[in-house]
Amino acid sequence: MRSRSGRKWYVVFAVAMHIAMLAAYTAPEEWVPARVRLWSQAYVRPVFHQTWGLFAPDPPLCSCELRVLLGPSVSRPLAGSHDPFLVRRMALQMGHYLGGTRPLPDTLVVDERMEGAMRGLVRDTGGTELGLGFQAVQYCVDDVARPEHRPGRIVPIRFRSP
Amino acid sequence: MKALDIRVMWFQRALHLWLLVWLLSALPAAEWLWEHPVSPELGDPGIVSGLLHGFGVWMPSGAAVPVAIALLLFAVIGAFKSRPWWIGALTWLFFCALTDRAWLANNGGTWLMRNALFWSIFLRVDPSKEHGPLSLVPIQVLRLQLLLAYAITGLQKLHGTTWTDGTALGIIASDPTYGPSLLPVTPGLCWAVLLFQLTFPLAVWWGPTRIVWLAAGVVFHLGTAFWLGIVDMAFAFLVFYLLWFPEEGVAWMMRSLRITSTANTT
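Residues numbered from 1 in each chain as written. Chains lettered and ligands numbered in written order. Predicted model: local features only at pLDDT ≥ 70, side-chain atom pairs only at ≥ 80, totals over all residues. Heavy atoms only, no water.

*Asks:* Got a sec to walk through the interface of chain A and chain B? Specific residues and values, please.
*Replies:* By a widespread convention, an interface's size corresponds to the accessible area lost as its parts come together. On the chain B side, the residues contacting the 53 residues of chain A number 64 residues. Summed over both partners, the interface of chain A with chain B buries about 5,300 Å², with 69% contributed by carbon and sulfur atoms. For the pair chain A and chain B, the interface holds 2 salt bridges. One salt bridge connects Glu 31 of chain B with Arg 123 of chain A, and the closest N-O pair in it is separated by 3.2 Å. (Contact = heavy atoms within 4.5 Å. Buried area = accessible area lost by both parts, 1.4 Å probe. Salt bridge = Lys/Arg side-chain N within 4 Å of Asp/Glu carboxyl O.)

*Asks:* Lay out empty space enclosed by the protein in plain terms, naming residues and giving numbers.
*Replies:* Tallying each qualifying case throughout the model produces 1 cavity of 30 Å³ or more. What the largest cavity holds in volume is close to 30 Å³. Broken down by class, the residue content of the lining of the largest cavity amounts to 5 nonpolar, 3 polar and no charged. (1 Å grid on protein atoms, 1.4 Å probe; cavity = no way out; pocket = protein on both sides within 12 Å on 5 of 7 lines; lining within 4 Å. Points joined across faces, edges and corners; volume = space filled by probe spheres on them. Nonpolar A, V, L, I, M, F, W, Y, C, P; charged D, E, K, R; others polar.)

*Asks:* Report on the pattern of salt bridges, specifying residues and quantitative values.
*Replies:* All names here are of chain A. If you walk through the whole model with that rule in mind, you get 6 salt bridges over all chains. The shortest N-O distance in the salt bridge between Arg 153 and Asp 106 comes to 3.8 Å. Here the residue Arg 153 occupies a position in strand 5 (residues 152–159), and Asp 106 occupies one in the loop between helix 3 (85–97) and strand 3 (108–110), the gap between them amounting to 47 residues. Under the relative-accessibility criterion, Arg 153 is labelled partly exposed at 29%. A salt bridge links Glu 115 to Arg 119; the nearest nitrogen and oxygen atoms lie 3.0 Å apart. Of this pair, Glu 115 and Arg 119 both sit in helix 4 (residues 112–121), 4 residues apart, roughly one helical turn. (Helix = DSSP H or I, 4+ residues; strand = E, 2+ residues; numbered from the N terminus. Buried < 20%, exposed > 50% of the residue type's maximum accessible area, 1.4 Å probe, protein only.)

*Asks:* How would you summarise the domain arrangement of chain B if you had to cite specific residues and measurements?
*Replies:* All names here are of chain B. Segmentation of chain B into domains returns domain 1 (1–125) and domain 2 (135–259). One C-alpha centre belongs to domain 1, the other to domain 2; they are set 24 Å apart. With both chains or domains summed, domain 1 and domain 2 bury close to 2,200 Å², and 81% of this area falls on carbon and sulfur atoms. Three residues, Arg 7, Trp 10 and Leu 112, lead the burial of domain 1 against domain 2; their summed loss comes to 30% of the area buried on that side. Where domain 1 meets domain 2, there are 0 salt bridges. Those elements giving two or more residues to the side of domain 1 that touches domain 2 turn out to be helix 1 (3–26) and helix 6 (108–120). A per-element tally of the side of domain 1 that touches domain 2 places helix 1 first, with 11 residues. Its residues assigned to classes, the side of domain 1 that touches domain 2 comprises 17 nonpolar, 4 polar and 2 charged. (Domains from an automatic or database assignment.)

*Asks:* Explain the layout of surface pockets residue by residue, including any values.
*Replies:* Residue and element names in this part refer to chain B. Roughly 370 Å³ of internal volume is contained in the second largest pocket. Around the second largest pocket sit 16 residues that line it, and Glu 41, Leu 42, His 53, Phe 55 and Arg 101 are the ones nearest its centre. Looking at the lining of the second largest pocket residue by residue, the class counts come to 8 nonpolar, 5 polar and 3 charged.

*Asks:* Lay out helix 6 of chain B with the relevant residues and their values.
*Replies:* Residues and elements named next belong to chain B. Along its 13 residues, helix 6 runs 18 Å from first to last C-alpha, staying within 8% of the 18 Å computed at 1.5 Å per residue. Among the 13 residues in helix 6, 13 count as buried, and that is most of the element. For helix 6, the N-terminal cap is Asn 107; the gap from its side-chain oxygen to the backbone nitrogen of Gly 109 is 2.9 Å. (Expected span 1.5 Å × (residues − 1). Polar contact = N/O pair within 3.5 Å; in protein donor to acceptor, adjacent residues only side chain to side chain.)

*Asks:* Lay out the state of the cysteines in plain terms, naming residues and giving numbers.
*Replies:* Residues and elements named next belong to chain A. In the structure shown here, the tally under the stated rule is 1 disulfide over all chains. Bridging Cys 62 to Cys 140, the disulfide has an S-S length of 2.0 Å. Looking along the S-S bond of the Cys 62-Cys 140 disulfide, the torsion reads about 110 degrees, which is the right-handed sense. With Cys 62 in strand 1 (residues 62–71) and Cys 140 in strand 4 (residues 133–140), the pair connects residues that are 78 residues apart, well separated along the chain. (Disulfide = S-S within 2.5 Å.)

*Asks:* Mind laying out helix 3 of chain A, listing which residues take part and the relevant values?
*Replies:* Taking 1.5 Å of rise per residue, the 13 residues of helix 3 of chain A would be expected to cover 18 Å, and the 18 Å separating its terminal C-alpha atoms lies within 8% of that figure. Within the span of helix 3 of chain A, buried status applies to Leu 86, Val 87, Arg 89, Met 90, Ala 91, Gln 93, Met 94 and Gly 95 of chain A. If you follow the buried residues of helix 3 of chain A, they end up packed against strand 1 and helix 4 of chain A together with helix 1, helix 2 (30–35) and helix 11 (231–241) of chain B.

*Asks:* An account of the sheet that holds strand 5 of chain A is requested, with residue identities and associated values reported.
*Replies:* Residues and elements named next belong to chain A. Sheet architecture is open: 5 strands sit in the order 2-1-4-5-3, paired in mixed fashion. Every other strand in the sheet has two partners, leaving strand 2 (74–77) and strand 3 as the edge strands with one partner each. On average, each strand axis in the sheet is inclined to that of its neighbour by 35 degrees, with strand direction left out of account. With 3 bridges joining them, strand 3 and strand 5 adopt parallel strand pairing. From the neighbouring strand, Val 110 faces strand 5, where its bridge partner is Phe 159. (Pairing = 2+ DSSP bridges. Axes fitted to C-alpha atoms, helices over the stretch in contact; angles between N-to-C directions.)

*Asks:* Kindly report on the packing of aromatic side chains, identifying the contributing residues and their values.
*Replies:* This model, assessed by the stated rule, comprises 26 aromatic pairs over all chains. Ring plane angle 75 degrees and centroid distance 5.5 Å describe the contact between Trp 52 of chain A and Phe 237 of chain B, whose orientation is recorded as edge-to-face. You can see Trp 52 of chain A sitting in the loop between helix 2 (34–48) and strand 1 and its partner Phe 237 of chain B sitting in helix 11, one on each of two chains. Of the two residues examined, Trp 52 of chain A and Phe 237 of chain B, each falls in the buried class. Each ring, one from Phe 134 of chain A and one from Phe 159 of chain A, has its centre 5.5 Å from the other, and the planes form 75 degrees; the classification is edge-to-face. With Phe 134 of chain A in strand 4 and Phe 159 of chain A in strand 5, the pair connects residues that are 25 residues apart, well separated along the chain. The two residues Phe 134 of chain A and Phe 159 of chain A agree in class, both being buried. Taken together, the ring pairs in this structure connect Trp 52 of chain A together with Tyr 150, Phe 196, Phe 200, Phe 220, Phe 237 and Tyr 241 of chain B into an aromatic cluster. We note Arg 101 of chain B situated over the ring of Phe 55 of chain B; from NZ or CZ to the ring centre the distance is 4.9 Å. Above the ring of Trp 244 of chain B, the side-chain terminus of Arg 143 of chain B is found at 3.9 Å from the ring centroid. (Phe/Tyr/Trp six-rings, centres within 6.5 Å; stacked < 30°, edge-to-face > 60°. Lys NZ or Arg CZ within 6 Å of the ring centre and 35° of its normal.)

Rendered as structure tokens:
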């Protein structure tokens, strides 16, 4: 029978390996050897996935609000202050996934997956109808010494689907 | 009851309380989160991830709301009493299925709690038994998980430029997504956040510094909760603080609650 202290060292080793894998998975990519990174992804991603990059390495220089066009000059955000906070968060994350934390191109092209998500959020306004238009409104910092100065910019959205 | 058992019990209760509040706040959004999910379907999940996706794999696709209600029940049970391991396992699986289905609504707090719920399956509070090496695994992993989160986020910030030059908080405060800016944002505040996150994993190993850093952490997370609106993530971190609660504090609480202390631990 294995001694109690012997088992203790197995446990210390197992805990240390687990934490080391989490560290390799979440640390800046350049700091982790590629092979170790792959091992950590295989071990961590299925069950222990986590990310610690909120406002890191730098906070986003742009905010991005996705809006649905209700008429020629009328629009509203995909999720407003009256919506539950998790719905507002989904609208915010959609902007992030579409690259809205950096200056967007003149026209934002959105794939089918995210198009479905955007339309799903505004299904109460007929968002699933193909004719409905969308746009992104960005406010970007152009000088980090004056972050409160954020010129606004409207970016039309075009869907990749026919 | 031992100090370690008390801390584990508090952690378990707080974890389920967090889950309860999260679910109650998510239910008004159930239509977009789970019933007719807005989040695009995740790709081919593979065996393990398939188990966690749940819906359409081993649970019917239309079962999301009943699952959320069952999870609510488990959260109530866990918030007030010890639950058997199989309820812990179902709690973890159901939470994973719901958060995978609504992955666009996830943040670091959600992922932290998925990890916490997994390890909490194996946590036990049994004052009649000594903790053997194996029973300490989930406790130590959970304790170290908190330190890792701070260390990595601190290192990630060192990797950029705006936290070290002191402009990061100004950028966050002026972001209409997170604002309005209510705090006086100075470069010193940026450096204080960086210092706090990088030193937390060391400071909590010694009694006097542990108290100071935990207190600073409470202020920090309440700040992010109510200033930046990241409430669920802030309280997810604070749940983990209970595993680092100072022994003196546990002893004082036990005296106040007239619980007999038998030993101190870690």
